[in-house]
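Chain by chain, the residues run as shown.
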Amino acid sequence: MDIHEYQAKEILSQFGVGIPQGALAYSPEQAAYRAREIGGERWVVKAQIHAGGRGKAGGVKVCNSDHEIQAVTEDMFGQKLVTHQTGPEGKGIYRVYVEAAVPIAREIYLGFVLDRATQRVMIIASSEGGMEIEDISAESPDSMIRAVVEPAVGLPEFQCREIAFALGIKPGMIQQMVRTLRGCYRALRELDATMVEVNPLVLTGDDRVLALDAKMAFDNNALFRHPQIMELRDKSQEDPRESRAADHGLSYVGLEGNIGCIVNGAGLAMATMDTIKLAGGEPANFLDIGGGATPERVSRAFRLVMSDKNVQAILINIFAGINRCDWVAEGIVRALRDEPIDVPVVVRLAGTNVEEGQKILAQSGLPLIRATTLMEAAERAVQSWRADQNRNPNLKVV
Ligand code: ADP
Ligand code: MG
């Protein structure tokens, strides 16, 4: 789960990381009011969306008066901000963060990530942080400083000092840097975060170390241990299809293609998507109905897949072990009776209670296309989608 910049900053500051003074606003009037509360002469208004790259996309604006803040935020609220991290559809701006403008002397990049190769938390730092960090890491990957944290020991001061030296931090500011590094690491460990990124971490003209931007992501499977983090979830920033699925215990990932998939088990879902591609099609989603799926869950999965307007054919591929083909078949029939659809539906069932399942499908009288192997199912889905395309030339081809 991702959270907003202002939320990550609040968390990090509780762990001793320095942040500029700032406040959240839900309207242009409130944003202007926040600036007056903060005081000073220059502020930065920052669109709160679950993505980086806002600066280059116009989502971070320096303002010199509260009137300017009002005008700038009037253009932000309700708009979709498209950055290189959001995808072409962008993310809606419903909150802005108003922050005191900070006199920046240097911008540093600081990231804490889980490194699969070493199975450890890895710290990545660069003395040239800021908005060009992607270019720097691509052009001169060796300039990035990397340090692996030994979990049994934690992040000791000497290791933080090593990183600070490598970043060329002057002696008088090393202690602040150590505090910042340790604070980020503790926040990551204690809250089961999977990522903490501060870009930029700045050194100010008056010798302060401040996080000017902050990003945190959390392990969904550990959220039950942190109800205060769970409360930070902002559904307006999630793919609506994915959050609806999560609410019903289904794992769903929306994709760009037009063949909807309903599958049990993540491995089979991956294999199904691969086979669709092999047959010349593009999957519209990844949907895992899980084990022991009831007819209700199956028909809900069906409705979810159909709510994606790009879906022009559906492939149901169930290899039942704990699942029961008769329940799956009942779910399919129920979904199609409740809401008849005009796209081809291909069904491949195998495993537990497959005969009963096939019988239910056959007796339903519904125009389902049946297949016995995965390859056959994928080919039929792609063929029937193509045939449908020819009949309905108005359908969008992706
Ligand atoms: P993003 O990473 O989404 O582009 P940032 O929060 O990193 O957004 O902001 C982009 C840039 O704006 C930063 O690299 C920094 O140079 C500048 N900036 C951000 N916040 C402040 C601030 N409070 N004072 C001065 N400059 C800021
Ligand atoms: Mg940033």
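Scoring rules and cut-offs
- Sequence positions are assigned chain by chain, starting from 1 and proceeding in written order.
- Whichever chain is written first is A, and whichever ligand is written first is 1; the rest continue in order.
- Totals for whole chains, interfaces and linings use all residues, but because this is a predicted model, local features are given only for residues with pLDDT of at least 70 and pairs of side-chain atoms are given and counted only at 80 or more.
- No hydrogens and no water enter the side-chain calculation; it runs on all heavy atoms of the structure.
- Definition used in this section: a nonpolar core is a set of buried Ala, Val, Leu, Ile, Met, Phe, Trp, Tyr and Cys residues joined via side-chain atoms within 4.5 Å.
- The buried label goes to any residue with under 20% of its type's maximum accessible area, the exposed label to any with over 50%, and the partly exposed label to all in between, with areas taken from a 1.4 Å probe on protein chains only.
- In this text, helices come from DSSP runs of H or I with a minimum length of four residues, and strands from runs of E with a minimum of two, each type numbered from the N-terminal end.
- For every element, the axis is a line fit to its C-alpha atoms; helices are fit only across the contacting stretch, and the angle between N-to-C directions ranges from 0 to 180 degrees.
- Just so you know how the angles are binned, under 35 degrees is roughly parallel, over 145 roughly antiparallel, 65 to 115 roughly perpendicular, and the rest oblique.
- If you view the pair so one helix is near and one far, a crossing is left-handed when the near helix is turned anticlockwise from the far one by less than a right angle, and right-handed when it is turned clockwise.
- Throughout, a residue-residue contact means that at least one pair of heavy atoms, one from each residue, lies within 4.5 Å.
- Under the convention adopted here, Pro, Cys and the residues Ala, Val, Leu, Ile, Met, Phe, Trp and Tyr are nonpolar, Asp, Glu, Lys and Arg are charged, and Gly plus all remaining residues are polar.
- Between N or O atoms, a polar contact is any pair within 3.5 Å; within protein, one atom must be a potential hydrogen donor and the other a potential acceptor, and residues adjacent in sequence are included only when both atoms are from side chains.
- UniProt positions are given in the numbering used here, feature names are shortened, and annotations may be inferred rather than shown by experiment.
- Using protein atoms alone on a 1 Å grid, points that fit a 1.4 Å probe yet trap it form a cavity, whereas open point sets bounded by protein on both sides within 12 Å along at least five of seven lines form a pocket; residues with an atom within 4 Å of a point count as lining.
- We call a residue near a molecule or strand whenever a single non-hydrogen atom of that residue lies within 4 Å of it.
- Exposure was quantified through the Shrake-Rupley algorithm and a 1.4 Å probe, taking into account, for residues, occlusion by the shown protein chains and nothing else.
- Grid points define the cavity or pocket, and a molecule sits in it when more than half of its atoms lie within 2 Å of them.
- Segmentation into domains, and thus their bounds, comes from an automatic or database assignment.
- Each metal's donors comprise the N, O and S atoms found within 2.8 Å of it (within 3.2 Å for Na, K or Ca). Water is not part of the atom list, so some coordination spheres may appear incomplete.

Caption draft 1: Local environment of the nonpolar core. Within the largest apolar cluster, 44 residues are counted, with the highest numbers of intra-cluster contacts made by Phe-112 and Met-216. No other element matches the eight residues that helix α6 (residues 174-190) contributes to this core. Ranked by size, the runner-up nonpolar core spans 32 residues in total, among them Leu-287, Ile-314, Ile-318 and Ala-320.

Caption draft 2: Here's a closer look at the packing of helix α11 (residues 325-338) against helix α12 (residues 354-364). Where α11 meets α12, the closest approach of the two axes is 7 Å, and the angle between their N-to-C directions is 20°. Relative to α12, the element α11 is oriented roughly parallel. Crossing handedness for the pair α11 and α12: right-handed. Counting all contacts with α11, which are made through Cys-325, Asp-326, Ala-329, Glu-330, Ile-332, Val-333 and Arg-337, the residues of α12 involved are Val-354, Glu-356, Gly-357, Ile-360, Leu-361 and Ser-364. Residues that form the contact of α11 with α12 fall into these classes: seven nonpolar, two polar and four charged.

Caption draft 3: Region of the structure containing the environment of His-84. In this structure, His-84 sits in the loop between β4 (80-81) and β5 (91-92). What makes His-84 exposed here is its relative accessible area of 56%. In this structure His-84 touches Gly-53 and Glu-134, once residues within four positions along its chain are discounted. Reaching out from His-84, the side chain makes a polar contact with the side chain of Glu-134 at a distance of 3.4 Å.

Caption draft 4: Fine view of the UniProt feature "binding site: Mg(2+)" (unreviewed entry) in the protein chain. UniProt marks Asn-199 and Asp-213 with the feature "binding site: Mg(2+)" (unreviewed entry), using the numbering shown here. Lining residues of the largest pocket drawn from the annotated list: Asn-199 and Asp-213. Position of Asn-199 among the secondary structure elements: in strand β10 (residues 193-204). Contact partners of Asn-199, with chain neighbours within four places excluded, come to Ile-108, Tyr-109, Gly-129, Gly-130, Ile-133 and Asp-213. Residue placement: Asp-213 occurs in the loop between β11 (209-211) and β12 (215-218). Sequence-distant contacts of Asp-213, defined by excluding residues within four places in its chain, comprise Glu-5, Lys-9, Lys-46, Arg-54, Glu-197, Val-198, Asn-199 and Pro-200. At 3.2 Å, the side chain of Asp-213 and the side chain of Arg-54 are in polar contact.

Caption draft 5: Summary view of the site of ligand 1. Around ligand 1, the surrounding shell holds 18 residues, and the nearest of these are Lys-46, Arg-54, Gly-55, Glu-99 and Glu-107. Contact between ligand 1 and Lys-46: an oxygen atom at 2.7 Å from a side-chain N or O atom of the residue. Between ligand 1 and Arg-54, the relevant distance is 2.8 Å, taken from an oxygen atom to a side-chain nitrogen or oxygen of the residue. Alone, ligand 1 offers 550 Å² of accessible surface; in the complex the protein occludes 89% of this. Mapping ligand 1 onto the cavity grids shows that it belongs to the largest pocket. Counting only elements with at least two residues in the shell around ligand 1, the list comes to β2 (43-47), β6 (96-100), β7 (104-115) and β10. For the shell around ligand 1, a count of residues per class yields nine nonpolar, four polar and five charged. Two domains each put at least three residues into the shell around ligand 1: domain 1 (1-19 + 103-237) and domain 2 (21-101).

Caption draft 6: Structural context of the coordination of the magnesium ion (ligand 2). Every protein donor of the magnesium ion (ligand 2) is listed here as Asn-199 (O) and Asp-213 (OD), and their distances to the metal cover 2.1 to 2.2 Å. Highlighted residues: Asn-199 in strand β10 and Asp-213 in the loop between β11 and β12, separated in sequence by 14 residues.

Caption draft 7: How the structure looks around the domain arrangement of the protein chain. Here the protein chain is described as being made up of domain 1 (1-19 + 103-237), domain 2 (21-101) and domain 3 (239-389). In this structure, domain 2 and domain 3 have C-alpha centres spaced 42 Å apart.

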